[in-house]
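Structural overview
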Amino acid sequence: MKKNQQHYVAVIGGSVSGSEAAIQLAEKGFKVVVFDQMSLPYGKIEDGLPKWHAKLRDKEELAIDKKLQHRNVTFVPDMQLGKDIDFNDMVNNWGFSVVLLATGAWRDRPLPIKGIDKFIGKGLLYQNKFIKWFNHCHEAGYTGPHFNLPDGAAVIGGGLASIDVIKIIQIKNVQGKLLEHGIREDLFTMERGIDKVLDKHNLTMKDLGLKGATLFYRKTSYDMPLKPFSKPEQREKAREVSNKMLNITLRKYLFNFEPLSIPVGYIEENDFLKGIVFQKVEEKNGRFNPVKGSEFEYHTDLVVSSIGSLPKSISGLPFKGDLLDATGPGGCRIKGYDNVFALGN
């Protein structure tokens with residue numbers, strides 16, 4: 001784009017990646033219009049992080065606000081692509097030189113067990129709705145669903161989000177049992193370490209009658225994506241850090257970990273989910289393969305799937321499987337368009 005011309009750029013999504021794209025363009029003199037599906041542009045900063053991340057949330061939201069307040073940026077809230085905005089109409093008729101898609105990943109990746117989704121709300125929950133419930137269920141005007149968190153719940157996943165999910169379950173259950181002993185501990189104290197709280201009161205999980213939730217992961221603790229890396233030579237260091245991070249988290253929050261386990265079936269009782277059938281896998285030459293005859297059952301009244309999020313399908317946008325079909329340098333130009341690019345998640 002030539003700077004001596006007046007170009008208008010549309011950015012769909014105003015959170016971390018969208019606001020960063022907007023400020024970089026605005027500072028170069030381009031006019032930028034940022035559309036967001038919500039009234040506030042914070043995306044998963046608002047409801048993808050548990051509420052104990054208050055300082056991080058405030059910091060990130062202030063950074064987004066500052067970027068979107070640039071004189072060359074116009075923010076338009078409550079405009080959802082595919083619902084309030086027709087994608088092809090915007091690209092072809094709204095006069096934008098370029099359209100940038102920073103819509104994020106709001107759709108939970110389906111748990112890979114045929115028919116399992118019939119149990120949503122009947123023993124099965126997905127991460128995005130679970131975190132949103134946790135962040136807002138305490139509010140006076142909350143009208144959404146309410147969830148019980150039984151001891152011994154199963155969390156399936158292996159990223160940072162799955163760690164947050166199992167921490168929530170552990171914190172809520174230990175808080176409840178402590179109250180039965182006349183002990184009140186707030187969320188932020190609990191988040192700093194359940195082990196420290198129990199040590200302070202000379203109690204154990206066994207004393208509280210709790211066995212703890214279990215995190216099931218398809219690989220090992222070394223393979224968990226807890227420490228990002230960008231260069232091949234950083235891979236081994238990242239693996240060591242991921243293993244260390246998980247073991248520290250296990251000690252602090254007193255849950256259980258079952259690696260090398262993939263979900264292959266479910267246990268049903270009276271139309272409710274009552275457990276998951278897992279199969280063990282083994283690593284060979286860098287690949288993880290199922291072990292024949294290694295199936296085992298895990299009985300529980302709650303399964304939370306935290307195996308990642310995907311972009312929502314939007315009419316007019318080409319998809320390749322579950323992801324946007326992108327090509328070109330960096331793999332970010334949307335296939336079939338010269339002036340539409342994707343960024344972020």
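Here the structure is a predicted model, which is why all the values come from computation and not from measurement. (Residues numbered from 1 in each chain as written. Predicted model: local features only at pLDDT ≥ 70, side-chain atom pairs only at ≥ 80, totals over all residues. Heavy atoms only, no water.)

1. Brief notes about the overall build of the protein chain
For the protein chain, the helix and strand inventory stands at ten helices and 20 strands. Relative to a compact globule of 345 residues, whose C-alpha radius of gyration would be 20 Å, the protein chain shows 23 Å and is just as compact. Counting over 345 residues, the protein chain shows a buried share of 45%. Summarising the internal contacts of the protein chain: among those between residues at least 6 apart in sequence, 64% fall at separations of at least 24. Accessible area for the protein chain stands at about 18,500 Å²; split by element, carbon and sulfur atoms hold 50% of it. (Helix = DSSP H or I, 4+ residues; strand = E, 2+ residues; numbered from the N terminus. Rg over C-alpha atoms; globule rule 2.2 N^0.38 Å. Buried < 20%, exposed > 50% of the residue type's maximum accessible area, 1.4 Å probe, protein only. Contact = heavy atoms within 4.5 Å. Areas by Shrake-Rupley, 256 points an atom, 1.4 Å probe, with all protein chains shown as cover.)

2. Focus on the pairing of strand β12 (residues 287–290)
With four bridges joining them, strand β11 (residues 272–284) and β12 adopt antiparallel strand pairing. From the neighbouring strand, K284 faces β12, where its bridge partner is R287. Hairpin remark: β11 followed by β12, antiparallel, with two residues in the connecting loop; positive phi at N285, about 55°. (Pairing = 2+ DSSP bridges.)

3. A few points about the nonpolar core
Counting 42 residues, the largest nonpolar core has F130, I169, V174 and L178 as its most contacted members. Sorting elements by how many residues they give to this core places helix α6 (residues 160–180) first, with eight residues. Once residues within four sequence positions are removed from consideration, I169 is found in contact with F130, L149, A153, V155, A213 and V304. Residues L81, F87, I314 and I334 belong to the second largest nonpolar core, which totals 17 residues. (Core = buried A, V, L, I, M, F, W, Y, C linked by side-chain atoms within 4.5 Å.)

4. Focus on unusual backbone geometry
In this model, D78 sits at a positive phi of 55°, which is unusual for a non-glycine residue. Among the structural elements, D78 can be located in the loop between β3 (73–76) and α4 (87–93). Overall, D78 belongs to the partly exposed group, its relative accessible area being 41%.

5. Some points on a positive patch on the surface
A surface patch of positive charge is lined by K227, K237, K244 and R251. Residue placement: K237 occurs in helix α10 (residues 235–253). (Patch = residues over 30% accessible without salt bridge, like charges linked within 9 Å, V, L, I, M, F, W, Y side chains within 5 Å. Salt bridge = Lys/Arg side-chain N within 4 Å of Asp/Glu carboxyl O. Lys, Arg positive; Asp, Glu negative; His and termini not counted. Charge placed at Lys NZ, Arg CZ, Asp CG, Glu CD.)

6. Some thoughts on the sheet that holds strand β8 (residues 214–216)
Across the sheet, five strands lie side by side as β6-β14-β7-β8-β9; this open sheet has parallel pairing. Edge positions in the sheet fall to β6 (124–126) and β9 (256–258), since each has one partner strand and no second. Between one strand axis and the next, the sheet turns through 25° on average, direction left out of account. Note that strand β7 (residues 154–157) and strand β14 (residues 303–306) share four bridges and pair parallel. Counterpart to A154 in the pairing with β14 is V303. (Axes fitted to C-alpha atoms, helices over the stretch in contact; angles between N-to-C directions.)

7. A closer look at the packing of aromatic side chains
Here the structure, examined in full by the defined rule, presents ten aromatic pairs. Their ring planes at 80° and their centres at 5.3 Å tell us that F87 and Y337 sit as a pair that is edge-to-face. Residue F87 is located in helix α4, and its partner Y337 is located in the loop between β19 (333–334) and β20 (340–342); the two are separated by 250 residues in the primary sequence. For the pair shown, F87 and Y337 are each scored as buried. Arranged with centres 5.6 Å apart and planes meeting at 25°, the rings of F278 and F296 form a pair that is stacked. Of this pair, F278 sits in strand β11 while F296 sits in strand β13 (residues 296–299), and the two are 18 residues apart along the sequence. Residue class for F296 comes out partly exposed when judged on its relative accessible area of 23%. Of the aromatic side chains, those joined through ring pairs into one cluster are F216, F278, F296 and Y298. The residue whose ring lies beneath K44 is W106, and the NZ or CZ to ring-centre distance is 5.7 Å. (Phe/Tyr/Trp six-rings, centres within 6.5 Å; stacked < 30°, edge-to-face > 60°. Lys NZ or Arg CZ within 6 Å of the ring centre and 35° of its normal.)

8. Some details on the pattern of salt bridges
Enumeration over the complete set of coordinates arrives at eleven salt bridges. Among the salt bridges present, the one from K177 reaches E180, with a minimum N-O distance of 3.8 Å. Here E180 and K177 lie together in helix α6, a separation of three residues that amounts to about one turn. A relative accessible area of 24% places K177 in the partly exposed class. We note a salt bridge from E236 to R235, for which the minimum N-O separation is 3.5 Å. When its relative accessible area of 46% is taken as the criterion, E236 is described as partly exposed. Salt bridges sharing partners connect three or more residues here, namely D223, R235, E236 and R239.

The values reported here are purely geometric and, on their own, carry no functional implication.
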